[in-house]
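Here is what each chain is made of, one letter per residue.
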Amino acid sequence: MKNREFWKGALAGVLITACVSTGVYAGVNYFRGDTVLGDRKCTEKLTYLESMIDQYYLGDKDEEKLKEGLYTGLLYGLDDPYSRYYTAEEYEAENTSNQGSYVGIGILMSKNKEGGVRVEKCYEGGPGEEAGLKEGDIISAVDGEDITDMEVSDVAGLVKNSDKDSIVLTVHREGVKEAMELTVSITDVELPYVFHEMLEDQIGYIRITEFAGVTAQQYRKAFADLDSQGMERLIVDLRDNPGGLLDSVCEILRDILPEGLIVYTEDKEGNRTEEKCDGENELQFPLSVLVNESSASASEIFAGAVQDYGIGTIVGTTTYGKGVVQSIRQLNDGSAVKLTIANYYTPKGNNINKIGIKPDIEISLDNNLLNKTRDEITHEEDNQLQEAIKAVEKEK
């Protein structure tokens, strides 16, 4: 059954570190004269710009969008690629993405040029797949309401905000003359972030695409399945993994590392926060970790810890180099601000920001594979994976 109120509360608690009230945000009064927006010349200039808009702008003025633009611009002025302002709608979407669970029908949609939305992916075992939806289907109506001119976000809102347990989709499929009416359940959907299989010679392979709130649980299920099949070696693939939640990667590393530090952070005042492992679940298998230039943030925490402890071989190309931590603070109107608040360091004290982690075995993906997606590359032609296989075979 759907449980919207639970997920709203759970998702809101994932990243919020402080709540603030009107007029005073995080202890700073933004109506003081010694702040950026409190500067007299600044406010005069903003007033003048608004009067120019009123006098000359051809289109309609949306007061709320102008305000949101001011807030966005203030954060943009930090010139920090990781700090930003979220509208209430953007923040809700961000929370959903980070947690990895949401209320919906288990499909990925894109805007269709000829109208409606196109089904790009049906998540395995999700309600969309179970109802008979297929990739490439075009949806033109939801519960009889025409959506041909709607944006994807508006269609998603129709589904999410429905007070029913199911919806009827009008679906058009290539090769089928008549439109179909498919009834799809609306449920709590968990996105897949972990994929696994057993390779030859009892080598377990686990690919992690992002460290979301559900990733650690999915990793443990994958590991247990491989272990039950007699796994003797392990390869963890973090290529193209952009990172995610610190808690998520640390939870997984506690099932891998020996006793000691996992990672530590330091804020602008030098305050240090440590994440530790008790070593009770230290991995007993030879380990290789695959990375590339798109492995970032939490992926680098993972690779850095494995490398510092010398418990596995890092294979691939130098990682992205994001060694800073962000915190999201929600404001009382539902909007939020994400700020870079600390540097993080590997167990040996290395900060890899703008540097990245250099693999123990450096190897680039073959040029003839660069135009293929990850799913299009077979294990046999994946030269980086083949090098990781050689590395774990040498360890035992």
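Above: the structure in question.
Residues numbered from 1 in each chain as written. Predicted model: local features only at pLDDT ≥ 70, side-chain atom pairs only at ≥ 80, totals over all residues. Heavy atoms only, no water.

J.: Is there a simple way to explain the nonpolar core in this structure?
T.: The nonpolar side chains of soluble globular proteins are, as a tendency, buried together. The biggest cluster of nonpolar side chains holds 36 residues, and the ones touching the most others in it are Ile208 and Phe302. When contributions to this core are tallied by element, the ones reaching two or more residues are strand 14 (203–208), helix 7 (215–228), strand 15 (233–237), helix 8 (246–253), strand 16 (260–267), strand 18 (287–291) and helix 9 (298–309). Apart from the residues within four sequence positions on either side, Phe302 is in contact with Phe211, Val236, Leu238, Val249, Ile252, Leu253, Ile256 and Val289. (Core = buried A, V, L, I, M, F, W, Y, C linked by side-chain atoms within 4.5 Å. Buried < 20%, exposed > 50% of the residue type's maximum accessible area, 1.4 Å probe, protein only. Helix = DSSP H or I, 4+ residues; strand = E, 2+ residues; numbered from the N terminus. Contact = heavy atoms within 4.5 Å.)

J.: Whenever I open this one, helix 2 (residues 40–56) confuses me. Can you help?
T.: Here helix 2 contains 17 residues, and its C-alpha end-to-end distance of 24 Å stays within 8% of the 24 Å for a straight helix at 1.5 Å per residue. Between the side-chain oxygen at the start of helix 2 and the backbone nitrogen of Lys41 there is a gap of 3.2 Å, and the oxygen is on Asp39. (Expected span 1.5 Å × (residues − 1). Polar contact = N/O pair within 3.5 Å; in protein donor to acceptor, adjacent residues only side chain to side chain.)

J.: What exactly am I supposed to notice about the layout of surface pockets here?
T.: One simple way to see leftover space: roll a probe sized like a water molecule over the atoms. Considered as a void within the structure, the largest pocket measures approximately 1,600 Å³ in volume. The wall of the largest pocket is formed by 49 residues, among which Tyr102, Ile107, Leu108, Tyr123 and Leu191 lie closest to the centre. Those elements that place two or more of their residues in the lining of the largest pocket are helix 4 (88–99), strand 5 (101–104), strand 6 (107–111), strand 7 (117–122), helix 6 (152–160), strand 12 (187–190), strand 13 (194–199) and strand 14. Per-element accounting of the lining of the largest pocket gives the leading share, seven residues, to helix 6. Its residues placed into classes, the lining of the largest pocket shows 21 nonpolar, 14 polar and 14 charged. (1 Å grid on protein atoms, 1.4 Å probe; cavity = no way out; pocket = protein on both sides within 12 Å on 5 of 7 lines; lining within 4 Å. Points joined across faces, edges and corners; volume = space filled by probe spheres on them. Nonpolar A, V, L, I, M, F, W, Y, C, P; charged D, E, K, R; others polar.)

J.: Would you explain the pattern of salt bridges in this entry?
T.: Where charged atoms from two side chains of opposite charge approach closely, those side chains can pair. Under the defined criterion, the tally for this structure stands at 22 salt bridges. Here Asp137 and Arg173 are joined by a salt bridge, their closest N and O atoms 2.8 Å apart. Taken together, the residues span a long stretch of sequence, with Asp137 in the loop between helix 5 (127–131) and strand 8 (138–142) and Arg173 in the loop between strand 10 (166–172) and strand 11 (180–185) at a distance of 36 residues. A salt bridge links Asp143 to Lys164, with the nearest nitrogen and oxygen atoms 3.6 Å apart. Linking Asp143 in the loop between strand 8 and strand 9 (145–146) with Lys164 in the loop between helix 6 and strand 10, this pair joins segments that are 21 residues apart in sequence. In this structure Lys164 comes out as partly exposed when scored by relative accessible area, which is 42%. Connected via shared salt-bridge partners are Glu50, Asp54, Lys61 and Glu63. (Salt bridge = Lys/Arg side-chain N within 4 Å of Asp/Glu carboxyl O.)

J.: Please clarify how the pairing of strand 17 (residues 272–277) should be interpreted in this entry.
T.: Every regular strand shows the same layout, with side chains that alternate between the two sheet faces. Relative to strand 17, strand 16 runs antiparallel, the two being bridged by six bridges. By the bridge assignment for strand 17, Gly260 is matched with Cys277. Counting the residues that bridge the hairpin from strand 16 to strand 17 gives four residues, and of these Gly270 lies at a positive phi of roughly 85°. (Pairing = 2+ DSSP bridges.)

J.: Honestly, the packing of aromatic side chains in this entry has me stumped. Any pointers?
T.: One pass over the structure, following the stated rule, counts five aromatic pairs. Ring centres of Phe223 and Phe285 lie 6.0 Å apart, and the angle between their planes is 35°; this geometry places the pair in the tilted category. Residue Phe223 is found in helix 7, and its partner Phe285 is found in the loop between strand 17 and strand 18; the two are separated by 62 residues along the sequence. Among the aromatic residues, ring-to-ring pairing joins Tyr219, Phe223 and Phe285 into one connected group. (Phe/Tyr/Trp six-rings, centres within 6.5 Å; stacked < 30°, edge-to-face > 60°.)

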